[in-house]
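Coordinates in review
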Amino acid sequence: MASFELVPGCWVGGNCPCFIIAEIGQNHQGDINIAKNMIEVAKKCGANCVKFQKSDLNSRFNKAALDRPYTSHHSWGNTYGQHRAHLEFSESQFKELKKHAERHEIIFSASGMDMVSLRFLNQLGVPFFKIGSGDANNYSLIQDVARFGKPLIVSTGMQSIDTVQKVYYLLKQFNIKLGFLHCVSAYPAPPSDINLRVIQSYQEKFPDVVIGYSGHETGTDISIAAVALGAKILERHLTLDKTWKGSDHCASLDPEEFQQLVSQVRNVETALGSHIKIVRESEIACYRKV
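Residues numbered from 1 in each chain as written. Predicted model: local features only at pLDDT ≥ 70, side-chain atom pairs only at ≥ 80, totals over all residues. Heavy atoms only, no water.

When its secondary structure is counted, the protein chain shows 13 helices and 10 strands. Relative to the 2.2 N^0.38 estimate, which gives 19 Å for 290 residues, the radius of gyration of the protein chain is 20 Å and therefore close to what a compact globule would have. Referenced to the eigenvectors of the C-alpha coordinate spread, the extents of the protein chain come out at roughly 75 × 45 × 40 Å. Within the protein chain, contacts between residues at least 6 apart in sequence are counted, and of these 66% link residues at least 24 apart. A total accessible area of about 14,000 Å² is found for the protein chain, and carbon and sulfur atoms account for 49% of it. Positive and negative side-chain charges of the protein chain, numbering 31 and 29 respectively, have mean locations separated by a distance of 3 Å. (Helix = DSSP H or I, 4+ residues; strand = E, 2+ residues; numbered from the N terminus. Rg over C-alpha atoms; globule rule 2.2 N^0.38 Å. Contact = heavy atoms within 4.5 Å. Areas by Shrake-Rupley, 256 points an atom, 1.4 Å probe, with all protein chains shown as cover. Lys, Arg positive; Asp, Glu negative; His and termini not counted. Charge placed at Lys NZ, Arg CZ, Asp CG, Glu CD.)

Here it is as structure tokens:
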């Protein structure tokens, strides 16, 4: 099974514990103090990493898209551009958030949605890059990110196996450390669409890639099953309040659920144990009775 050093001193894959990412995304409501609190909560819950999202709006969207009226009850502005601008942190705020994560001894990373953002994140010193499902078929962007030479994790929601294979062969040219996350990009994702056995298919097709799962379902049981099937990276959205404005909150875990998830993952990892069938010491008392 593939493994590599994702962050100095922190390995993923192989026999390593599952690497758990608390996806904060834009659940911070555009408030840096909420974002800092979420970093602290993620650490208390036992997550290995907090992850944000970074976009340069003028690079990612054209004027028509930014000026489009946005009347959803999740909107933070009259236009889509105003909405997105409200949820974007500046470069100086990202530097502040990274320092805050370092103070609380939790790994900080972010998904860059365009090359302007990705170049900034590289300069910021994120230890690995994450490509979200929406860019998993953006081959030119993925190729440019690979040139940074850092580990790369790609979510594969909304993509066919043909696309995932194309990304794999594209990235093999760069000899970078690579992870694929099975993902279903629905918020929340219905269990009937999740098809966790894709994790096993990925393990067979890409033996030199660390395979994980990015979940958007409600609850923790499906994510636990993903780990039992061999997911070595687990990403779940974290929220402080599921009733807050924003479309991701309904598919997120609150702090109590996230802490429960981490505890359950560690219990399952312990229980998976060895392939070897022998009489265990805990069975001896019962054995003697019978």
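Turning our attention to the UniProt feature "domain: PseI/NeuA/B-like" (unreviewed entry) in the protein chain. Here, UniProt's "domain: PseI/NeuA/B-like" (unreviewed entry) annotation points to residues 38–277. The span residues 38–277 is 44% helical and 15% strand by assignment, and the distance between its end C-alpha atoms comes to 43 Å. (UniProt positions renumbered as here; feature names shortened; annotations may be inferred.)

Right, let's get into the environment of Leu-87. Residue placement: Leu-87 occurs in helix H4 (residues 80–87). In contact with Leu-87, other than residues within four places in its own chain, are Gln-26, His-28, Gln-29, Gly-30 and Trp-76.

Moving on: the packing of aromatic side chains. With the rule as written, the count across this model stands at 14 aromatic pairs. Arranged with centres 5.3 Å apart and planes meeting at 75°, the rings of Tyr-70 and Tyr-80 form a pair that is edge-to-face. Here Tyr-70, found in the loop between helix H3 (63–67) and H4, pairs with Tyr-80, found in helix H4; they are 10 residues apart in sequence, far enough to count as distant. A relative accessible area of 21% places Tyr-70 in the partly exposed class. Take Tyr-80: its relative accessible area is 15%, and that puts it in the buried class. Measuring from centroid to centroid gives 5.1 Å for Tyr-168 and Tyr-169, while their planes differ by 70°, and the two rings are edge-to-face. Seen from the ring of Tyr-80, Arg-68 lies directly overhead, with NZ or CZ sitting 4.9 Å from the centre. (Phe/Tyr/Trp six-rings, centres within 6.5 Å; stacked < 30°, edge-to-face > 60°. Buried < 20%, exposed > 50% of the residue type's maximum accessible area, 1.4 Å probe, protein only. Lys NZ or Arg CZ within 6 Å of the ring centre and 35° of its normal.)

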